[in-house]
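Remarks on the overall topology
Listed here are the chains, written in short residue letters.
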Amino acid sequence: MILADKLIALRKKAGWSQEELAAQLGVSRQSVSKWEGAQSMPDMERIVQLSRLFGVTTDYLLKDELEQAEPAESLSQPALRRVTMEQASAYLTLRRAAAPKLALATFLCILSPVALLMLAAMSELSRFHLRESAAAGLGLCALLLFVAAGVSLFLSCAAKAKEFDFLEKEPFETEYGVTGMVRERQKAYQPTATRLNIAGTVLCILSVLPLFVSLCFEAPDIAYVAAVCLLLFIAGLGCMAFVCAGVYQAAMDKLLEEGDYTREKKGQGNLVGAVSTCYWLLATAAFLFYVYGPMGNGQIGKSSWFFWAIAGVLYGAVVVVVRLLGRTRRP
């Protein structure tokens, strides 16, 4: 039995039309029609695809003397989804456009406690005529608004890329030329990514400097609060740089199934943005508990701002460690 007859038999057994088979292979219906009419032969890449789709060996498809289909043990699993050149280009364009939005979302989440901290400090000064309860209420409202805006950006970007979720959750194969295209873009983007990562690392490490400088002088408590707010602002800028670089890099790694997105590591991703957001929200919660909790006195004094000095130094160390661990996991 020749290949043409085998294709017809296998296709009809699967219950597919020529159009349906062509769609799964990423070819035209005319190509399938020519294969089944023995007018042309599929190339080796298509032969491998056909063997996976129908769960038979390539030997069975290519050797006319083999009349009985031989199931391939390694091919008994469902066929891998195929990523075309158009899909890959669309995904990279989508993620590059999403990078600054995700960076802004991260920045908003990190900056969310600023209003609460400043209002709390202002409520302790009589010239502002701001009650402590009003400061806490307004500050929490501002915090929730910032977090809500950041989360909405995260969800919006995730919704737009939903059709490509499979890239980080399941194995797939790419159309001829996709890998080369992605590697070219990766090579072209590398200098930009390096600059952003260096800037992010430097900003995160130096973010604690405003607080250290403020501690060198006898200043009112509100000056220390402003220093902490500046610390969060600088750290947020550093995280923005990390996220801008990481989102597009991660998209290319997903298409190449490299780095944190190898088939053994599906589901893992760039953690810098998530770690940064969680770190500063937890640090703020810990600080508020320290000041207003059962063991606190409800006063924001100079001594309490040493908490932020320690948090800032630890944050720089955490970011560096996360990035180094990410690099050591790359094959």
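Residues numbered from 1 in each chain as written. Predicted model: local features only at pLDDT ≥ 70, side-chain atom pairs only at ≥ 80, totals over all residues. Heavy atoms only, no water.

Those residues of helix H4 (residues 44–54) that fall on the buried side of the exposure criterion are Arg 46, Ile 47, Gln 49, Leu 50, Ser 51, Leu 53 and Phe 54. In this structure, the buried residues of H4 make contact with helix H1 (3–14), helix H2 (18–25), helix H3 (29–36), helix H5 (58–62), strand E1 (81–83) and strand E2 (172–174). A positive phi of about 70° marks Gly 55, the residue just after H4. (Buried < 20%, exposed > 50% of the residue type's maximum accessible area, 1.4 Å probe, protein only. Helix = DSSP H or I, 4+ residues; strand = E, 2+ residues; numbered from the N terminus. Contact = heavy atoms within 4.5 Å.)

Attention now moves to the packing of H2 against H4. The packing of two helices is summarised by the inter-axis angle and the distance between the axes. In the contact formed by H2 and H4, the axes pass within 10 Å of each other and the chain directions differ by 115°. Note on packing geometry: the crossing formed by H2 with H4 is right-handed. Where H2 abuts H4, its residues Leu 21, Gln 24 and Leu 25 lie against Arg 46, Gln 49, Leu 50, Leu 53 and Phe 54. Here the contact of H2 with H4 is built from residues that sort into five nonpolar, two polar and one charged. (Axes fitted to C-alpha atoms, helices over the stretch in contact; angles between N-to-C directions. Left-handed = near helix turned anticlockwise from the far one by under 90°. Nonpolar A, V, L, I, M, F, W, Y, C, P; charged D, E, K, R; others polar.)

This part is about the state of the cysteines. Taken as a whole and assessed by the stated rule, the structure comprises zero disulfides. Note on Cys 204: no disulfide assigned, nearest cysteine sulfur contributed by Cys 239 at a separation of 4.6 Å. (Disulfide = S-S within 2.5 Å.)

What follows covers the pattern of salt bridges. Tallied over the full model, the rule gives eight salt bridges. Ionic pairing is found between Asp 59 and Lys 63, a salt bridge with its closest N-O pair at 3.9 Å. For Lys 63, a relative accessible area of 36% corresponds to the partly exposed category. Of the charged contacts, one joins Glu 258 and Arg 183 as a salt bridge, the two residues approaching to 2.4 Å between their closest N and O atoms. In this pair, Glu 258 is assigned in the loop between helix H11 (221–256) and helix H12 (272–292) and Arg 183 in helix H9 (residues 178–206), connecting sequence segments 75 residues apart. Classification of Arg 183 by relative accessible area gives partly exposed; the value is 38%. (Salt bridge = Lys/Arg side-chain N within 4 Å of Asp/Glu carboxyl O.)

As a further point, take the nonpolar core. With 32 residues, the main nonpolar core has Leu 117, Leu 211, Leu 231, Leu 232, Trp 280 and Tyr 315 as its most contacted residues. Residue assignment for this core shows that the elements contributing at least two residues are helix H6 (85–111), helix H7 (114–122), helix H10 (209–215), H11, H12 and helix H13 (306–328). Ranked by residue count, the leading element in this core is H11, at 11 residues. The next biggest cluster of nonpolar side chains, apart from the first, holds 19 residues, and it includes Phe 164, Phe 166, Ala 245 and Leu 256. (Core = buried A, V, L, I, M, F, W, Y, C linked by side-chain atoms within 4.5 Å.)

This part covers the confidence of the model for the protein. On average, residues of the protein score 82 in pLDDT, and 83% of them are at 70 or above. Within the model, the stretch residues 73–77 combines pLDDT values under 50 with four contacts to residues more than four positions away or in other chains. (pLDDT = per-residue confidence, 0-100.)

Let us now look at the packing of H9 against H11. Running from amino to carboxyl end, H9 crosses H11 at an angle of 160°, the nearest separation of the two axes being 8 Å. Looking at the two axes, H9 sits roughly antiparallel to H11. Crossing handedness for the pair H9 and H11: left-handed. Class assignment for the residues of the contact of H9 with H11 results in 18 nonpolar, eight polar and three charged. (Parallel < 35°, antiparallel > 145°, perpendicular 65-115°, else oblique.)

As a further point, take the environment of Leu 80. Topologically, Leu 80 is positioned in the loop between H5 and E1. What makes Leu 80 partly exposed here is its relative accessible area of 28%. A sequence separation of 91 residues divides Leu 80 from Pro 171, and the C-alpha atoms of the two residues are 6.6 Å apart.

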